[in-house]
Structures are given as C-alpha cells and as structure tokens.
Amino acid sequence: LIDFALALQSRFKYLGDAEDLEHAIRLLSCAVDSDPNLDESSCKLDYLNNLAAALRSRFRRLGDSKDLENAVRVSRQIVRLAPDSSPGKPKYLSTFALTLKTRFEHLRDIGDLEQAIQLSMHAFQLIDDGCPDEPGYLNNFALALRARFEQLGSLEDLNHAIEALSRAVELTPDASPLKPGFLQNFSTALTTRFKRVINMEDLDSAIQASRHAVRL
C-alpha cells in the first residue's frame, strides 16, 4: 500500500497528473488510519511525513488552504513525536520547514519563515557526514534564507544562502537529476547579490553556474 502511494507521488512529480496525487493521499490516509497507536518507534511517522508532503503538493496544485493547514498540523505532530535519535528526524524537520516556507509564501507571516530556518538548522545538527540528503537540505535552507533576505534585506542571509548552495552544488554529482536545479538556484542567488553589491565575480560565477546547468 505504502510503496504504491510513494510510486504515485513520484509519478505525479514527473508527469503532474493530479489523479496520481489524489490516489496517493487516499492510500496514505488509509495507512495512517489503520493503526491508531502512533508512537515515535513506528514506521507510521514515515507515512505521516509522506502524507504531509502530498498535502503540500496538492495545495500548490489546487490552492486549498485546508490542505496546507493539514500539512502543517501533521508535520508538527511528527516532529513532536520523533526523538532526535530517530534516523528519520532530519527528514521530518526538513518536510516541516518546507511546509512552513510554503505557508509563508501564502500568508506572508515572517514567523513561519523564521521557524522554517530554525528547523533546517536543527536538521543539519542531526545528520552524519556524507548524508546523501544533505545537498537537498542545504538547498531548502538556502531558499528559506534568500526568502528572508528578500523580506528583511539582511545581506548576511543572502551570503549564508550562497554558501549553502555552493556546498549543495559541490556535494552533488553531475549525474544527479537534482544538480541543474541546485545550480540554477546558486546562479539566482549570486545574481541577486551582484545587484546588491556590484561584484563582477558574482556575476561571472552566476553565468558559469547557469551554463553548467544548461549542459546537464
């Protein structure tokens, strides 16, 4: 049941068929409801995490704020239940951070963005060196920092975002399907800083990153 739901989520990401997403949400909801005993040792936390991600995706697709609020509620529950020793905790924190960033984009409450950044930092504290998910966490952290820069104008946030994206690009092999997106985000952040401080090195690096992304 869960494997089928995950396969449907993956197909939705590639093909964009809303029917796949609807079916995945129904399957994940059934898996969660089938076991009322929710505790930190259960794989049910993974089911809930996937459900939160699917609800966020449906909100982005259809714009129903109930989906977004349910995604926030589910992610908050997961993070509260999972101890820091849980191997899935960084993933849960990252999902919650992405969901709060999405709500910030919808409601413009800076508190959501601040919490998203704190959750991302917590996730970094829990991962081991060489964690395969680290580039993705770095990318999401950088996007939240850049959003705060755009909101508050602190160059320090933009600098940290660029550092995180540079590291994400460095850690990701060219064969990864995620590499072009990381490179493009890196290029955008560098271009944003160039407009702020007029440093030609930033503009040159931004062009190089974009060219690299196109080649991939």
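Looking only at helices and strands, the protein features 10 helices and zero strands. Walking the protein from its N terminus toward its C terminus, one meets helices and strands in the order α-α-α-α-α-α-α-α-α-α. Its C-alpha atoms give the protein a radius of gyration of 18 Å, near enough to 17 Å, the size a compact globule of 216 residues would have. Once the C-alpha set of the protein is aligned to its principal axes, its extents read approximately 60 × 35 × 35 Å. By residue count, 46% of the 216 residues in the protein fall in the buried class. In the protein, 56% of the contacts between residues at least 6 apart in sequence involve partners at least 24 apart. Of the accessible surface of the protein, which amounts to about 11,300 Å², a share of 50% is contributed by carbon and sulfur atoms.

So, on to the side chain of Asp112. Inspection of the secondary structure puts Asp112 in helix H6 (residues 110-126). By relative accessible area, which is 4% here, Asp112 ends up buried.

Another point: helix H9 (residues 179-197). Taking 1.5 Å as the rise per residue, H9 with 19 residues should run 27 Å; its terminal C-alpha atoms sit 27 Å apart, in good agreement. Those residues of H9 not exposed but buried are Lys179, Phe182, Leu183, Asn185, Phe186, Ser187, Ala189, Leu190, Arg193 and Phe194. Just downstream of H9 lies Ile198, where phi reads positive at about 55°.

This brings us to the packing of helix H3 (residues 44-62) against helix H5 (residues 89-107). Running from N to C, H3 and H5 cross one another at 20°; their axes reach a closest spacing of 10 Å. Relative to H5, the element H3 lies roughly parallel. Crossing hand, H3 versus H5: left-handed. Two secondary-structure elements touch here, H3 through Leu45, Asp46, Asn49, Ala52, Ala53, Arg56, Phe59 and Arg60 and H5 through Lys91, Tyr92, Thr95, Leu98, Thr99, Thr102, Glu105 and His106.

Phi at Arg108 is positive, roughly 60°, even though this residue is not glycine. Despite not being glycine, Ile198 has its phi angle at roughly 55°, a positive value. Tracing the sequence through the fold places Ile198 in the loop between H9 and helix H10 (200-215). Classification of Ile198 by relative accessible area gives exposed; the value is 56%.

Thresholds applied
- Here the residue numbering is sequential within each chain, running from 1 through the sequence in written order.
- The predicted nature of this model means local features are confined to residues of pLDDT at least 70 and side-chain atom pairs, given and counted, to a pLDDT of 80 or more, with totals for whole chains, interfaces and linings taken over all residues.
- Heavy atoms throughout the structure, all of them, feed into the side-chain values; hydrogens and water do not.
- Working definition: helices are DSSP H or I runs of at least four residues, strands are E runs of at least two. Numbering for both runs from the N terminus.
- The globule rule used for comparison is 2.2 Å times the number of residues to the exponent 0.38, while the radius of gyration itself is calculated over C-alpha atoms.
- Residue burial is assigned from relative accessible area. The probe radius is 1.4 Å, only protein chains are included, and a residue is buried under 20% of its type maximum, exposed over 50%, and partly exposed in between.
- When checking whether two residues touch, look at their non-hydrogen atoms; a contact exists if any pair is within 4.5 Å.
- The Shrake-Rupley method, run with a 1.4 Å probe sphere, supplies the accessible areas, and residue values consider only the shown protein chains as cover.
- To estimate the expected span of a helix, count its residues, drop one, and scale the result by 1.5 Å.
- The axes used here are C-alpha line fits, helices contributing only the stretch in contact, and every angle between their N-to-C directions lies in the interval 0 to 180 degrees.
- Angular relationships are summarised with four words: roughly parallel below 35 degrees, roughly antiparallel beyond 145, roughly perpendicular across 65 to 115, and oblique for the angles in between.
- Left-handed describes a crossing in which the near helix is turned anticlockwise from the far one by less than a right angle; the clockwise case is right-handed.

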